[in-house]
There are 4 protein chains.
Amino acid sequence: MAPLNEEQLIQIRDERREQILAAALRVFSRRGVVGTKMSMIVKEAGISHGLVYHYFKSKEELFVTLVKGAIDGAQEALSFFTSLPGTAYDKIRRFVEEMIDEKGAPYFRLIYQARTSDGVPEEAKRLLDQYTLDDYIEVLKPLFEEGQRDGTIAPGDPGELIAGFLTVLTGVTVVGSVDERQFRIPNIEMLMKMISK
Amino acid sequence: MAPLNEEQLIQIRDERREQILAAALRVFSRRGVVGTKMSMIVKEAGISHGLVYHYFKSKEELFVTLVKGAIDGAQEALSFFTSLPGTAYDKIRRFVEEMIDEKGAPYFRLIYQARTSDGVPEEAKRLLDQYTLDDYIEVLKPLFEEGQRDGTIAPGDPGELIAGFLTVLTGVTVVGSVDERQFRIPNIEMLMKMISK
Amino acid sequence: MAPLNEEQLIQIRDERREQILAAALRVFSRRGVVGTKMSMIVKEAGISHGLVYHYFKSKEELFVTLVKGAIDGAQEALSFFTSLPGTAYDKIRRFVEEMIDEKGAPYFRLIYQARTSDGVPEEAKRLLDQYTLDDYIEVLKPLFEEGQRDGTIAPGDPGELIAGFLTVLTGVTVVGSVDERQFRIPNIEMLMKMISK
Amino acid sequence: MAPLNEEQLIQIRDERREQILAAALRVFSRRGVVGTKMSMIVKEAGISHGLVYHYFKSKEELFVTLVKGAIDGAQEALSFFTSLPGTAYDKIRRFVEEMIDEKGAPYFRLIYQARTSDGVPEEAKRLLDQYTLDDYIEVLKPLFEEGQRDGTIAPGDPGELIAGFLTVLTGVTVVGSVDERQFRIPNIEMLMKMISK
DNA sequence: CATGAATGAGGATTCATTCAT
DNA sequence: AATGAATGAATCCTCATTCAT
């Protein structure tokens, strides 16, 4: 019956917070903002209704928090893969791999949801508007240009190439979340062919 | 003095029905089932609330009707393009063109929505389960095999190729519906490269 | 194409009116005011929605018209049966017979509905309040007293006797309208025993 | 600080449930299914709109629950009165007493409503069809036959007698719910005369 | 006189959020 | 910190009534 000390409380708080965010990401990324009910998140997280509101002011804030994280994650992922050793082609390949795998996909799906859904709070929209496609293009351009120079990436305007490629990858990530019988994410080689020489 | 004759009534009914369906397709395909409020459809169609229910029993029935139409449309499109004159590659190319253009896209988006959304009525799900990816593969396989024989289509299991390709096309269609600044549908050549020799 | 003359128009009007009233009586008497939809009356009468409103201002007016008729009919029936030749007992018996048969029952059911239902217009209520149980008692009292004198009717306060008896008859009429398997209207002898010596 | 313990929660839930059911019984039994607005039940129970749906899925389920209870109650009442000590006549008399008093009447009115109204869910209808008049007759028959043997109950087919009698009792219960000035439930002696020798 | 398409106010239901414990 | 009962605004849907023809 001894009260928890402050450190323990903070730890509990952080764990709970993460637990809720993780549950919310899973649900939001599949169902979008309006399609997600608080009861789904609550069930997925295995906690009570009221508790979510101890950690987040509203469904809106919960969503915005996730979007922020997704944007940061995407930025980080980009930086990470561009900084890897190896050829440009290999770096891009590994980035693609990450983007469509189980762990990375939810974030890209979330960003898509944020751009599409209607119940999306203004703040989330503002955040996303700061990071448009062009920003991603800017970061990837050196990589693609390097690939064009060494003859592994198809010629042409690299901006166009990247924009189309990212759109395809996001699209595949989004529709790939539904059942196998309906959609099947192509293997990486097939995807890479789109931008290969 | 006399009421409208039967022919006129049928015409009015057909027009209204189409008007409502067209409005509903525009809204559903972008926002999904739960994200779509009847008031949106009503506004888009420029009619009163009650009138929708004169023609469709419920939001659900409206959605199911559209899904049926989308499935039929997709089937027809497939048959149409396979029956066209020209090389296998050309036929596929024209099919892709159709799929990602302004007119075709809403239907594919709708099918995606139907598979994803949660408020989707059982009937729509059953309809969709009848037309799985495999059916489309079956229809397209001869075309792809022909292309592989004449050296225009990439080698490998044609089933895999088609499944991945359709998933990409659907994905692009789905995410391509949002604003230009965020996603940009790649040009056809880029998409075709995925399946080209 | 010759226009109908005035007489024919009047006849059509009267026939239509009666047709609508008859249909409305059948529906109202079974389902009450709120339970009756205009579409039911329209279907039962085999006419169009709009036509009802040529003859009656509203569902309300239609119901009030029927209630008026039912009250008048009940009054008339009472007068008619009291004026018949024969013993008091026989007159009462024939009145009961009439009340529970196919033709008479709807009117009594309607009066019950009018007193019970909630959507009943004020005017109908006022009409009914003018003809309370006491009025019926007043009319029947001489008959019952005569029966008590000649030893065919049970002794006791005739007012009480009549009130209870009419309540039973109305009740039987009301519940008797539902399916045979659930309720079975007793034969007249059984009912008469309630008030017999 | 600590949330309510399970026992307290169960108690609150049971109380609320009963409170809602009691309020709903009062309203439904008078007004039928379509005539009852959720707002009436809500007001009668003194709770908010949403809370009803915390305990019952729909107006329909609420009604079905009550019908189930009414059927069970009627069955129990029958068993109870047949098992009482005393003469057959006395048992029947007490059953009648119970049936038409303030407490019992709403249930019989509810059963009538369930058989009559139109918005009645299929499940309620099925429940009622399982308990037809014949079942009640079966249970009461021994009692009536005993009464016929000891000379207190009128001769004749006991099935007919019971069917007619129950119909009268239900009818009286139903119409007796409206205001005194219009209908007056007869005293028990008068009702018993119908089946007395 | 007659039709049925069209309207919109009102009622059923859902779900984000609050609050007593 | 944690619970889940309770609230009410927003949404879907029904149906009496109107109106162009």
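These lines cover the structure that appears in this document, whether it is placed above or below. On a predicted model such as this, the values are computed, not experimentally measured, just so you know.

## Points about the overall build of chain A
Looking only at helices and strands, chain A has ten helices and zero strands in total. Principal-axis analysis of the C-alpha atoms places the extent of chain A at approximately 70 × 40 × 30 Å. Buried residues in chain A amount to 38% of all 197 residues. Across chain A, contacts joining residues at least 24 apart in sequence account for 68% of those joining residues at least 6 apart.

## Things to note about the relation of the copies chain B and chain A
Least-squares fitting of chain B to chain A yields an RMSD of 0.2 Å, with the transformation described by 0.0 Å of translation along the axis and a rotation of 180°. The symmetry that links the two subunits is that of a two-fold axis. No C-alpha of chain B approaches the rotation axis more nearly than that of Gly-171 of chain B, which lies at 1.9 Å. The overlap is high: 100% of the interface residues of chain B also sit at the interface in chain A, so the same surface is used on both sides.

## Some points on the interface of chain B and chain A
Counting from both sides, the interface comprises 32 residues of chain B and, opposite them, 32 residues of chain A. If one sorts the elements of the side of chain B that touches chain A by residue count, helix 9 (residues 158-175) of chain B sits on top with nine residues. Of the residues contributing to the side of chain B that touches chain A, the split by class is 14 nonpolar, twelve polar and six charged.

## As for the relation of the copies chain C and chain D
It takes a turn of 180° to lay chain C on chain D, together with a shift of 0.1 Å along the axis; the resulting RMSD is 0.2 Å. Mapped onto chain D, 100% of the interface residues of chain C again fall at the interface, so both copies present the same surface.

## A few points about the interface of chain C and chain D
As a measure of interface size, the accessible area lost when the parts come together is often cited. Listed as interface residues are 32 residues of chain C and, on the opposing side, 32 residues of chain D. If you list the elements that add at least two residues to the side of chain C that touches chain D, you get helix 1 (6-35), helix 6 (105-116), helix 9 (158-175) and helix 10 (188-193) of chain C. Considering every element that reaches the side of chain C that touches chain D, the biggest residue donor is helix 9 of chain C, with nine residues.

## Some points on the packing of helix 4 (residues 59-82) of chain B against helix 7 (residues 122-130) of chain B
Residues and elements named next belong to chain B. Remark: helix 4 packs on helix 7, axes separated minimally by 9 Å, with the N-to-C direction vectors making an angle of 10°. The pairing of helix 4 with helix 7 is recorded here as roughly parallel in orientation. Of the residues in helix 7, those touching helix 4 at Phe-63, Val-64, Val-67, Lys-68 and Ile-71 are Glu-123, Ala-124, Leu-127 and Leu-128. Per-class residue counts for the contact of helix 4 with helix 7 are seven nonpolar, no polar and two charged.

## Here we look at the protein's contact with DNA strand E
Of all residues adjacent to DNA strand E, which total 42 residues, the nearest are Met-38 of chain A, Ser-48 and Gly-50 of chain B, Gly-50 of chain C together with Gly-50 of chain D. For the surface near DNA strand E, a count of residues per class yields 16 nonpolar, 16 polar and ten charged.

## What about the protein's contact with DNA strand F?
Taken together, 43 residues sit near DNA strand F, with Gly-50 of chain A, Gly-50 and Lys-59 of chain B together with Ser-48 and Gly-50 of chain D positioned nearest. Across the surface near DNA strand F, the residue classes tally to 17 nonpolar, 16 polar and ten charged.

## Describing the environment of Ala-124 of chain B
All names here are of chain B. Within the secondary structure, Ala-124 sits in helix 7. Classification of Ala-124 by C-beta neighbours within 10 Å gives buried; the count is 27. Considering only alpha carbons, one finds Ala-124 and Phe-63, 61 residues apart in sequence, at a separation of 7.9 Å. Discounting residues that sit within four places of it in the chain, Ala-124 has contacts with Phe-63, Val-64, Val-67 and Ala-114.

## Details of helix 9 of chain B
With 18 residues, helix 9 of chain B should cover 26 Å at 1.5 Å per step; its first-to-last C-alpha distance of 26 Å lies within 8% of that length. For helix 9 of chain B, a buried count of 16 out of 18 residues is recorded, marking the element as mostly surrounded by other parts of the structure.

## Thoughts on helix 6 (residues 105-116) of chain D
For an α-helix, 3.6 residues make a turn, and residues three or four places apart therefore share a direction. Residues and elements named next belong to chain D. Counted at 1.5 Å a residue, the expected span for helix 6 with its twelve residues is 16 Å, and the 17 Å between its end C-alpha atoms agrees. Counting buried residues along helix 6, twelve of its twelve residues qualify, which places the element largely inside the surrounding structure. Every buried residue belonging to helix 6 is among Ala-105, Pro-106, Tyr-107, Phe-108, Arg-109, Leu-110, Ile-111, Tyr-112, Gln-113, Ala-114, Arg-115 and Thr-116, and all of these are buried.

## Looking at the environment of Gln-75 of chain A
Residue and element names in this part refer to chain A. Within the secondary structure, Gln-75 is located in helix 4 (residues 59-82). Here Gln-75 falls in the partly exposed class, since 14 other C-beta atoms lie within 10 Å of it. For the pair Gln-75 and Tyr-131, spaced 56 residues apart in the sequence, the C-alpha separation amounts to 9.3 Å.

## Some remarks on the packing of helix 5 (residues 88-100) of chain A against helix 8 (residues 133-149) of chain A
All names here are of chain A. With their axes 8 Å apart at the nearest point, helix 5 and helix 8 run at an angle of 135° to one another. Considering their axes alone, helix 5 and helix 8 lie oblique with respect to each other. Of the two possible hands of crossing, helix 5 and helix 8 adopt the one that is left-handed. Contacts between helix 5 and helix 8 pair Ala-88, Tyr-89, Lys-91 and Ile-92 from the former with Leu-143, Glu-146 and Gly-147 from the latter.

## Section: the environment of Lys-43 of chain D
Secondary-structure assignment places Lys-43 of chain D in helix 2 (residues 38-45). Spatially, the C-alpha atoms of Lys-43 of chain D and Ala-23 of chain D are 8.6 Å apart, while their sequence positions differ by 20 residues.

Procedures and definitions
Residues numbered from 1 in each chain as written. Chains lettered and ligands numbered in written order. Predicted model: local features only at pLDDT ≥ 70, side-chain atom pairs only at ≥ 80, totals over all residues. Helix = DSSP H or I, 4+ residues; strand = E, 2+ residues; numbered from the N terminus. Buried ≥ 20, exposed ≤ 12 C-beta atoms within 10 Å, placed from the backbone. Contact = placed C-beta atoms within 7 Å. Least-squares fit on C-alpha atoms with pLDDT ≥ 70 in both. Nonpolar A, V, L, I, M, F, W, Y, C, P; charged D, E, K, R; others polar. Axes fitted to C-alpha atoms, helices over the stretch in contact; angles between N-to-C directions. Parallel < 35°, antiparallel > 145°, perpendicular 65-115°, else oblique. Near = placed C-beta within 6 Å. Expected span 1.5 Å × (residues − 1). Left-handed = near helix turned anticlockwise from the far one by under 90°.

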